[in-house]
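Summary of the model geometry
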Amino acid sequence: MTIHKGFSPPLRIAGIYILLGALWIAGSDWLVAAVSSEIHMVTKISIYKGWTFIVVSGLLIYYLLKRELSVTMKAQEQLLESETLFKALFEQAAVGVAQVDSFRGRFVRINQRYCDIVGYTPEEMEQLSFQQITFPEDLEADLENMKLLLGGTIREFSMEKRYFHKDGSVIWVNLNVSPMWKIGEEPNFHIAVVEDISERKQAEQELEWTRNMVSEAQKIAHLGSFEYVAATQMTSWSEEEYRIYGLDPAGPSPTYDTMLQKHIHPDDAALLHETFTKAIQDGAVYELEHRIVLPDGSVRWIYDRANPYFDKQGDIVRYVGSTLDITDRKRAEMELRESEERLGFVLEGSREGFWDWDMETGKVLRNERWAEMLGYSFKDIAFSVPQWEELVHPE
């Protein structure tokens, strides 16, 4: 009889005992026959042999039962300890935990935190399925993940989804699902762990709303924003900043050197670099009006202003600023200058005097011909309304 190494100690001992018992019976019969042929002696020895076998068998059975009982009790204690620990973790967890029927979606066991998140009592939850409280737009993705889990394609999954609270409000949770069955076993239940992320989602939505409002305001005002990181000379732009420069917001924002080479007007690049370098050296605000060149070759005027931010050692970490498209203003200024120059040429050519009084500001303008017509030099006559009134004939 072969005793395999994989057998448990009690089975191994029982096997050895059976083998030795068989040898004892066969060997002792042969020994008795060899020693004596007298019937009463053979009978007496056989009686002793039988009692010996009974006693040894009893001791062995007692040992095996005691050992098996000890192992069973230890296993039960470990199981009880494990169940107690699981129950404590289950009930006292800071997140919602539930045992769920993987086929029907019914809540089999659920902790208080899970109930608090969705607003139901444990008894009410046991009458519901996760399908019933899941937001309709999130249910399809949830069921698809469960299908992959039941099919063995994935071993776990997590997703952000929405639940309907008992009061009808919608709450956001982060869901993590793990199977309770081992690989190769038939699926039965799974563990669902949920964390309430409603506040985080609310904050994200408010932040997104603010970003959209800022982006829309920048778009309306043609006001972009940017950040310059001193250590890397990298920039980060708002969408309107991209639009001002005629670039695609989906692309990367250019580095400082790339801006100077490709996007700043050649006649203004040296001035910008000098002004910005001095601002960094002085730890001062950077401010400049300059021209940029768009990818289509057109030229626009912008006004940059950026504030420096420092680390604990007083070194500049970054500049954060804004860019205002002032092309329309610059064009208006140039058109005004050109108009004034043309008017000046016309007046000088016609030899007519010119005098203008802005009644709101009190500012007075005149030309040299006007002074000459009154018999004054341009420097002698005051640039004021009172003197003009003195020069007017009383009648």
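Residues numbered from 1 in each chain as written. Predicted model: local features only at pLDDT ≥ 70, side-chain atom pairs only at ≥ 80, totals over all residues. Heavy atoms only, no water.

**Quick notes on the confidence of the model for the chain**
Put simply, the chain has an average pLDDT of 81, and 68% of its residues get 70 or more. Confidence over residues 1-5 falls short of pLDDT 50; this stretch has five contacts with residues more than four positions distant or in other chains. (pLDDT = per-residue confidence, 0-100. Contact = heavy atoms within 4.5 Å.)

**Some details on unusual backbone geometry**
Backbone geometry at Q233 places phi at a positive 60°, although glycine is not the residue there. By the element assignment, Q233 lies in the loop between β6 (223-229) and β7 (234-237). (Helix = DSSP H or I, 4+ residues; strand = E, 2+ residues; numbered from the N terminus.)

**Re the pattern of salt bridges**
Applying the stated criterion to the full structure yields 20 salt bridges. Between K201 and E160 there is a salt bridge; the shortest N-O distance is 2.9 Å. Taken together, the residues span a long stretch of sequence, with K201 in helix α7 (residues 198-221) and E160 in strand β3 (residues 157-164) at a distance of 41 residues. Judged by relative accessible area, K201 falls into the buried class, the value being 14%. Close ionic contact of R291 with D268 constitutes a salt bridge, the shortest N to O distance being 2.9 Å. Here the residue R291 occupies a position in strand β8 (residues 286-293), and D268 occupies one in helix α10 (residues 266-282), the gap between them amounting to 23 residues. The exposure class of R291 is partly exposed, given its relative accessible area of 21%. Taken together, the salt bridges that share partners define one network made up of E160, R200, K201 and E204. (Salt bridge = Lys/Arg side-chain N within 4 Å of Asp/Glu carboxyl O. Buried < 20%, exposed > 50% of the residue type's maximum accessible area, 1.4 Å probe, protein only.)

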